[in-house]
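Spelled out from the first residue to the last, the chains are:
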Amino acid sequence: MMDDLDRRLIALLRQNAREPAAAMAKKLKISRATVQNRIARLLDQGVIQGFTIRTRPEGDDNRIRAIMCIAIEGERSTKVVRALQGFAEVRGIHTTNGRWDLVAELDTGTLAEFSRALDQIRLVEGIASTETSLLLSTIKN
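(A) Geometry of the overall build of the protein. For the protein, the helix and strand inventory stands at five helices and four strands. Tracing the protein from N to C terminus, the helices and strands come up as α-α-α-β-α-β-β-α-β. A compact globule built from 141 residues would reach a C-alpha radius of gyration of about 14 Å, whereas the protein, at 19 Å, exceeds it by more than 25%. Seen along its three principal axes, the alpha-carbon backbone of the protein occupies a region of about 55 × 35 × 25 Å. The buried share of the protein, reckoned over its 141 residues, is 30%. Counted over contacts in the protein with a minimum sequence separation of 6, partners at least 24 positions apart contribute 63%.

Have a look at this one:
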(Lines give C-alpha, C1' and ligand atoms only; values in the text may rest on other atoms or scores of the structure.)
Protein backbone atom coordinates (compact mmCIF):
# COMPACT_ATOMS: atom_id res chain seq x y z
CA MET A 1 0.00 0.00 0.00
CA MET A 2 1.40 3.38 -1.01
CA ASP A 3 1.16 6.41 1.23
CA ASP A 4 1.66 10.11 0.57
CA LEU A 5 5.42 9.86 1.15
CA ASP A 6 5.68 7.09 -1.46
CA ARG A 7 3.76 9.22 -3.97
CA ARG A 8 6.00 12.24 -3.35
CA LEU A 9 9.10 10.04 -3.69
CA ILE A 10 7.81 8.63 -6.99
CA ALA A 11 7.13 12.18 -8.21
CA LEU A 12 10.77 13.08 -7.49
CA LEU A 13 11.97 9.93 -9.27
CA ARG A 14 9.83 10.81 -12.30
CA GLN A 15 11.52 14.21 -12.46
CA ASN A 16 15.01 12.75 -12.14
CA ALA A 17 15.56 9.08 -11.30
CA ARG A 18 19.31 9.76 -11.05
CA GLU A 19 18.96 12.29 -8.26
CA PRO A 20 21.02 11.15 -5.26
CA ALA A 21 19.09 9.63 -2.37
CA ALA A 22 20.55 12.28 -0.06
CA ALA A 23 19.12 15.09 -2.20
CA MET A 24 15.69 13.43 -2.33
CA ALA A 25 15.82 12.88 1.43
CA LYS A 26 16.51 16.56 1.99
CA LYS A 27 13.57 17.57 -0.23
CA LEU A 28 11.25 15.09 1.52
CA LYS A 29 12.64 15.92 4.99
CA ILE A 30 13.44 12.28 5.76
CA SER A 31 16.65 10.27 6.10
CA ARG A 32 18.65 8.93 3.16
CA ALA A 33 18.14 5.40 4.52
CA THR A 34 14.36 5.92 4.46
CA VAL A 35 14.55 6.97 0.80
CA GLN A 36 16.63 3.90 -0.06
CA ASN A 37 14.36 1.55 1.91
CA ARG A 38 11.23 3.02 0.33
CA ILE A 39 12.65 2.67 -3.18
CA ALA A 40 13.68 -0.94 -2.45
CA ARG A 41 10.18 -1.73 -1.11
CA LEU A 42 8.47 -0.10 -4.11
CA LEU A 43 10.70 -2.13 -6.44
CA ASP A 44 9.98 -5.38 -4.55
CA GLN A 45 6.23 -4.71 -4.66
CA GLY A 46 6.37 -3.98 -8.40
CA VAL A 47 5.11 -0.43 -7.96
CA ILE A 48 8.34 0.77 -9.57
CA GLN A 49 8.94 -1.54 -12.50
CA GLY A 50 12.19 -0.06 -13.72
CA PHE A 51 14.13 3.05 -14.55
CA THR A 52 14.58 4.50 -17.99
CA ILE A 53 15.79 7.59 -19.74
CA ARG A 54 13.54 10.33 -21.00
CA THR A 55 14.60 12.55 -23.84
CA ARG A 56 13.26 15.98 -24.61
CA PRO A 57 10.45 15.71 -27.16
CA GLU A 58 11.90 18.80 -28.84
CA GLY A 59 15.25 17.01 -29.03
CA ASP A 60 14.27 15.62 -32.40
CA ASP A 61 11.89 18.02 -34.08
CA ASN A 62 11.46 15.62 -36.98
CA ARG A 63 9.77 12.88 -34.91
CA ILE A 64 6.08 12.38 -35.65
CA ARG A 65 4.17 11.66 -32.45
CA ALA A 66 0.45 11.06 -32.15
CA ILE A 67 -2.37 9.65 -30.08
CA MET A 68 -4.70 7.20 -31.79
CA CYS A 69 -8.10 6.56 -30.23
CA ILE A 70 -9.44 3.13 -31.17
CA ALA A 71 -12.94 1.63 -31.08
CA ILE A 72 -13.01 -2.18 -31.03
CA GLU A 73 -15.67 -4.44 -32.55
CA GLY A 74 -17.24 -6.79 -30.03
CA GLU A 75 -14.99 -8.72 -27.67
CA ARG A 76 -11.75 -8.52 -29.64
CA SER A 77 -9.72 -6.36 -27.23
CA THR A 78 -7.13 -9.02 -26.46
CA LYS A 79 -6.41 -9.73 -30.14
CA VAL A 80 -6.26 -6.03 -31.01
CA VAL A 81 -3.87 -5.28 -28.13
CA ARG A 82 -1.65 -8.20 -29.15
CA ALA A 83 -1.56 -6.94 -32.72
CA LEU A 84 -0.75 -3.39 -31.63
CA GLN A 85 2.10 -4.65 -29.45
CA GLY A 86 3.70 -5.96 -32.64
CA PHE A 87 4.06 -2.48 -34.15
CA ALA A 88 7.39 -0.78 -33.45
CA GLU A 89 5.64 2.57 -33.95
CA VAL A 90 3.30 1.94 -31.00
CA ARG A 91 5.02 3.25 -27.84
CA GLY A 92 2.14 2.70 -25.43
CA ILE A 93 -1.36 1.24 -25.27
CA HIS A 94 -3.96 2.37 -22.75
CA THR A 95 -7.48 1.16 -22.02
CA THR A 96 -9.98 3.92 -21.48
CA ASN A 97 -13.64 4.63 -20.90
CA GLY A 98 -16.11 6.58 -22.97
CA ARG A 99 -16.37 6.54 -26.74
CA TRP A 100 -13.00 4.86 -27.34
CA ASP A 101 -11.80 1.48 -26.07
CA LEU A 102 -8.05 2.04 -26.43
CA VAL A 103 -5.59 4.89 -26.84
CA ALA A 104 -2.31 4.11 -28.59
CA GLU A 105 0.76 6.36 -28.48
CA LEU A 106 2.51 6.45 -31.85
CA ASP A 107 6.04 7.59 -32.66
CA THR A 108 7.68 7.53 -36.09
CA GLY A 109 10.64 9.16 -37.76
CA THR A 110 8.89 10.48 -40.85
CA LEU A 111 5.44 11.32 -42.16
CA ALA A 112 5.76 8.46 -44.65
CA GLU A 113 6.39 5.98 -41.80
CA PHE A 114 3.51 7.52 -39.87
CA SER A 115 1.15 7.13 -42.83
CA ARG A 116 2.19 3.50 -43.35
CA ALA A 117 1.70 2.75 -39.64
CA LEU A 118 -1.80 4.28 -39.69
CA ASP A 119 -2.72 2.25 -42.76
CA GLN A 120 -1.46 -0.99 -41.22
CA ILE A 121 -3.04 -0.41 -37.81
CA ARG A 122 -6.41 0.34 -39.40
CA LEU A 123 -6.26 -3.07 -41.08
CA VAL A 124 -6.02 -4.91 -37.74
CA GLU A 125 -8.98 -7.26 -37.42
CA GLY A 126 -11.30 -6.05 -34.68
CA ILE A 127 -10.66 -2.34 -35.06
CA ALA A 128 -13.97 -0.67 -35.89
CA SER A 129 -12.76 2.93 -36.14
CA THR A 130 -9.92 5.25 -35.16
CA GLU A 131 -9.27 8.91 -34.64
CA THR A 132 -5.71 10.17 -34.63
CA SER A 133 -4.30 13.47 -33.38
CA LEU A 134 -0.73 14.61 -33.92
CA LEU A 135 1.14 15.83 -30.85
CA LEU A 136 2.55 19.21 -31.77
CA SER A 137 4.40 20.04 -28.55
CA THR A 138 4.73 18.75 -25.00
CA ILE A 139 4.11 21.13 -22.11
CA LYS A 140 4.94 18.71 -19.27
CA ASN A 141 6.51 15.31 -19.49
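(B) Summary view of the sheet that holds strand β1 (residues 64-72). Spatial ordering of the open sheet is given by β2-β3-β1-β4, a layout of four strands whose pairing is antiparallel. In this open sheet, the two strands that pair with only one neighbour each are β2 (90-95) and β4 (127-134). Averaged over all neighbouring strand pairs, the angle between strand axes comes to 20°, with direction disregarded. Note: β2 against strand β3 (residues 102-108), five bridges, orientation antiparallel. Across the sheet, residue His 94 finds its bridge partner in β3, namely Val 103. Here helix α5 (residues 111-122) sits on the sheet in contact with β1, β2, β3 and β4, set at roughly 160° to β4.

(C) Highlighting the nonpolar core. Among the nonpolar cores identified, the biggest contains 17 residues, and Met 68, Ile 70, Val 80, Leu 106 and Ile 121 are the most heavily contacted of them. Going through the elements one at a time, β1, α4 (77-85), β3 and α5 are the ones with two or more residues in this core. Top contributing element to this core by residue count: β1, with five residues. The next biggest cluster of nonpolar side chains, apart from the first, holds 13 residues, and it includes Leu 5, Ile 10, Ala 25 and Leu 28.

(D) Spatial organisation of the pattern of salt bridges. Within the structure shown, the criterion is met by nine salt bridges. One salt bridge connects Asp 107 with Arg 63, and the closest N-O pair in it is separated by 2.9 Å. In this pair, Asp 107 sits in strand β3 while Arg 63 sits in the loop between α3 (32-44) and β1, placing the two residues 44 residues apart along the sequence. Residue Asp 107 is classed as buried on the basis of its relative accessible area, which comes to 17%. Salt bridges sharing common partners tie together Asp 3, Asp 6, Arg 38 and Arg 41.

(E) Molecular detail of the side chain of Arg 38. The topology assignment puts Arg 38 in helix α3. Overall, the relative accessible area of 18% leaves Arg 38 in the buried class. Among the polar contacts made by the side chain of Arg 38, one reaches the side chain of Asp 3 at a distance of 2.8 Å. A distance of 2.9 Å separates polar atoms of two side chains, one belonging to Arg 38 and the other to Asp 6. If we skip the residues at most four places from it in the chain, Arg 38 touches Asp 3, Leu 5, Asp 6 and Leu 9.

(F) Region of interest: the packing of helix α2 (residues 21-28) against α3. Following both chains from N to C, one finds α2 and α3 inclined at 105°, their axes separated by 8 Å at the closest point. When the axis of α2 is compared with that of α3, the two are roughly perpendicular. For the pair formed by α2 and α3, the contact residues are Ala 21, Ala 22, Met 24 and Ala 25 on the first element and Arg 32, Val 35, Gln 36 and Ile 39 on the second. A class-by-class count of the residues in the contact of α2 with α3 yields six nonpolar, one polar and one charged.

Basis of the calculations
Here the residue numbers are simple positions, counted from 1 along each chain's written sequence. The model is predicted, so local features are restricted to residues of pLDDT at least 70 and side-chain atom pairs to those at 80 or more, both for listing and for counting; the totals for chains, interfaces and linings are taken over all residues. Excluded from the side-chain calculations are hydrogens and water; all other atoms, namely the structure's heavy atoms, are used. Each helix is a run of H or I in the DSSP string that is no shorter than four residues. Each strand is a run of E no shorter than two, and both are numbered from the N terminus. Based on C-alpha atoms, the radius of gyration is set beside the globule rule, defined as 2.2 Å times the residue count to the power 0.38. Each residue's exposure class comes from its accessible area (1.4 Å probe, protein chains only) as a fraction of the maximum for that residue type: buried when under 20%, exposed when over 50%, partly exposed otherwise. Should any heavy atoms of two residues lie within 4.5 Å, those residues are considered in contact. Whether two strands pair comes down to DSSP finding at least two bridges between them. Interaxial angles span 0 to 180 degrees and are taken between N-to-C directions of axes, which are lines fitted to C-alpha atoms, for helices over the stretch in contact. Definition used in this section: a nonpolar core is a set of buried Ala, Val, Leu, Ile, Met, Phe, Trp, Tyr and Cys residues joined via side-chain atoms within 4.5 Å. What counts as a salt bridge is simple: a side-chain nitrogen of Lys or Arg found within 4 Å of a carboxyl oxygen of Asp or Glu. Between N or O atoms, a polar contact is any pair within 3.5 Å; within protein, one atom must be a potential hydrogen donor and the other a potential acceptor, and residues adjacent in sequence are included only when both atoms are from side chains. In this scheme, roughly parallel covers angles under 35 degrees and roughly antiparallel covers those over 145, while 65 to 115 is roughly perpendicular and the rest are oblique. Polarity classes work like this: nonpolar for Ala, Val, Leu, Ile, Met, Phe, Trp, Tyr, Cys and Pro, charged for Asp, Glu, Lys and Arg, and polar for all others, with Gly in that last group.

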